[in-house]
Amino acid sequence: MAVNNIEEHHARIKDKFTVHNEIVKASLHAIGHYTLQSERPSLLVLGGIALQLHAIDAYPGLTRPTHDLDLDINTSLKKSEYRARIGEPLAARLNAYNPQVKTSDTYTVMLQDADGTPFFIHAPHYNTSGLYNRKRPAIERRLANASSIQIPAEWNSAENESGSSGAYRIRIARPEDIAADKTRRIIQSSAVMPENLNHDYHALLNRDWGALAGQELAEKLDSTINMKLSLPAYHDAGKSIYRNARMQYNVMKDLFDIALISKLMAGKTIEFDEFYYDSILHE
């Protein structure tokens, strides 16, 4: 592949996928429409997309590309139940993106944009009621404390319209829940911590939110995206090397996300309850 073609390829995928993309907007709109039906399971948006929704008004240039949208569901569903009650209703509103409902280790609605790049709406598959019951307190806590935001009507393009249009509300995880999940994952992966991230890691452990908030996050976002783009090159080096590179990328993106949460805290864009955050870390 010629250098200019590599650069063109990177330019195309660098912004995939953020809440600026139509496929993400349409997915959120479909979730909002689904939420109107009170008899259906409750859905909660987690992770990177939830953080983007917290941050987009204050820092629209700091949305980090991701390949999926993670959901929590407040019930345990068999594969056929997920397909009928969640997967197919969401897919029906996303026909422009070639939706496919998949039920394996994770419940998924797989979408494709015009370039054929996949985007995934993921939900956990609790394959036993016992497993769900163990997770249930955390799921119910996240839902009970969730933020509620409005998804603008214009985020639903005409080709995706099936039924009434309008602005919908969805529930997204609170910043404390997002930060706690990422903090736990960073600590678990600390053995492969890149040396240049040690300062950020110790700032996180010491809860020095000011140090994290004061960083140049645009540069960190570029470095994180470049690391993501480089991951395929590690495949040929062997499974263990690729696995370590993937873990390093996860640490990198999670530290970026926590730094962004810290910047939102510093600017008083979000409320962050440290007691709630601490209770999640120790549950």
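So, a few notes on the structure that sits alongside this text. Every value quoted in this text rests on a predicted model; they were computed, and no experiment measured them.

**Concerning the overall build of the protein chain**
Along its length, the protein chain carries 11 helices and 7 strands. Computed over the C-alpha atoms, the radius of gyration of the protein chain is 19 Å, within 12% of the 19 Å expected from 2.2 N^0.38 for a compact globule of 283 residues. Projected onto its principal axes, the C-alpha positions of the protein chain cover 55 × 50 × 35 Å. Within the protein chain, the fraction of its 283 residues that count as buried is 49%. Counted over contacts in the protein chain with a minimum sequence separation of 6, partners at least 24 positions apart contribute 72%. Put simply, the protein chain shows about 13800 Å² of open surface, and 48% of that area lies on carbon and sulfur atoms.

**Digging into the packing of helix α3 (residues 47-55) against helix α10 (residues 239-266)**
Closest axis-to-axis distance for the α3/α10 pair is 11 Å, and the angle between their directions is 25°. Put simply, α3 runs roughly parallel to α10. When the axes of α3 and α10 are compared, the crossing they make is left-handed. Between α3 and α10, the residues in contact are Leu51, His54 and Ala55 and Asp257, Leu260, Ile261 and Leu264, respectively. Split into classes, the residues belonging to the contact of α3 with α10 amount to 5 nonpolar, 1 polar and 1 charged.

**Observations regarding helix α9 (residues 217-230)**
The terminal C-alpha atoms of α9 lie 20 Å apart, and with 14 residues this matches the ideal 20 Å at 1.5 Å per residue to within 8%. The N-capping residue of α9, defined by a side-chain oxygen 3.2 Å from the backbone nitrogen of Ala218, is Glu216.

**Focus on the packing of aromatic side chains**
Centre-to-centre distance and the angle between the planes together describe a pair of aromatic rings. The final tally for this structure, using the stated rule, is 6 aromatic pairs. Between Trp209 and Tyr277, the ring centres sit 5.7 Å apart and the planes meet at 75°, which makes this aromatic pair edge-to-face. Residue Trp209 is found in helix α8 (residues 209-213), and its partner Tyr277 is found in helix α11 (residues 274-281); the two are separated by 68 residues along the sequence. Here Trp209 and Tyr277 have matching classes, each one buried. Ring centres 5.4 Å apart and planes at 50° place the aromatic pair Phe272 and Tyr277 in the tilted group. There is no split in this pair, since Phe272 and Tyr277 are both buried. Put simply, the rings of Trp209, Phe272 and Tyr277 pair up and form one aromatic cluster.

**Overview of the packing of helix α6 (residues 175-188) against α11**
For the pair α6 and α11, interaxial distance at closest approach is 9 Å and the crossing angle is 40°. Relative to α11, the element α6 is oriented oblique. For the pair α6 and α11, the sense of crossing is right-handed. Residues Glu176, Asp177, Ala179, Ala180, Thr183 and Arg184 of α6 pack against Tyr276, Tyr277, Ile280 and Leu281 of α11.

**What to know about the nonpolar core**
General note: in soluble globular proteins, nonpolar side chains tend to be found buried as a group. Judged by nonpolar contacts, the single largest core of 81 residues is most densely connected at Leu28, Val45, Leu53, Leu69, Tyr82, Ile121 and Ile170. Those residues in contact with Leu28 that lie beyond four places of it in its chain are Val19, Val45, Ile49, Leu53, Leu69, Ile151, Trp155 and Ile170.

**What to know about the environment of Asn156**
Topologically, Asn156 is positioned in the loop between β6 (147-151) and β7 (168-172). Put simply, Asn156 and Ala259 are 103 residues apart on the chain and 31 Å apart in space, counted from C-alpha to C-alpha.

**Details of helix α7 (residues 198-205)**
Within α7, burial applies to Asp200, Tyr201, Ala203 and Leu204. End-on view of α7: buried residues confined to an arc of 160°, all on one side of the axis. In this fold, the buried residues of α7 make contact with α6, α8, α9, α10 and α11. Following α7 by one or two positions, Arg207 has its phi on the positive side, about 55°.

Rules behind the numbers
- Residues numbered from 1 in each chain as written.
- Predicted model: local features only at pLDDT ≥ 70, side-chain atom pairs only at ≥ 80, totals over all residues.
- Heavy atoms only, no water.
- Helix = DSSP H or I, 4+ residues; strand = E, 2+ residues; numbered from the N terminus.
- Rg over C-alpha atoms; globule rule 2.2 N^0.38 Å.
- Buried < 20%, exposed > 50% of the residue type's maximum accessible area, 1.4 Å probe, protein only.
- Contact = heavy atoms within 4.5 Å.
- Areas by Shrake-Rupley, 256 points an atom, 1.4 Å probe, with all protein chains shown as cover.
- Axes fitted to C-alpha atoms, helices over the stretch in contact; angles between N-to-C directions.
- Parallel < 35°, antiparallel > 145°, perpendicular 65-115°, else oblique.
- Left-handed = near helix turned anticlockwise from the far one by under 90°.
- Nonpolar A, V, L, I, M, F, W, Y, C, P; charged D, E, K, R; others polar.
- Expected span 1.5 Å × (residues − 1).
- Polar contact = N/O pair within 3.5 Å; in protein donor to acceptor, adjacent residues only side chain to side chain.
- Phe/Tyr/Trp six-rings, centres within 6.5 Å; stacked < 30°, edge-to-face > 60°.
- Core = buried A, V, L, I, M, F, W, Y, C linked by side-chain atoms within 4.5 Å.
- Arc of directions from axis to C-beta.

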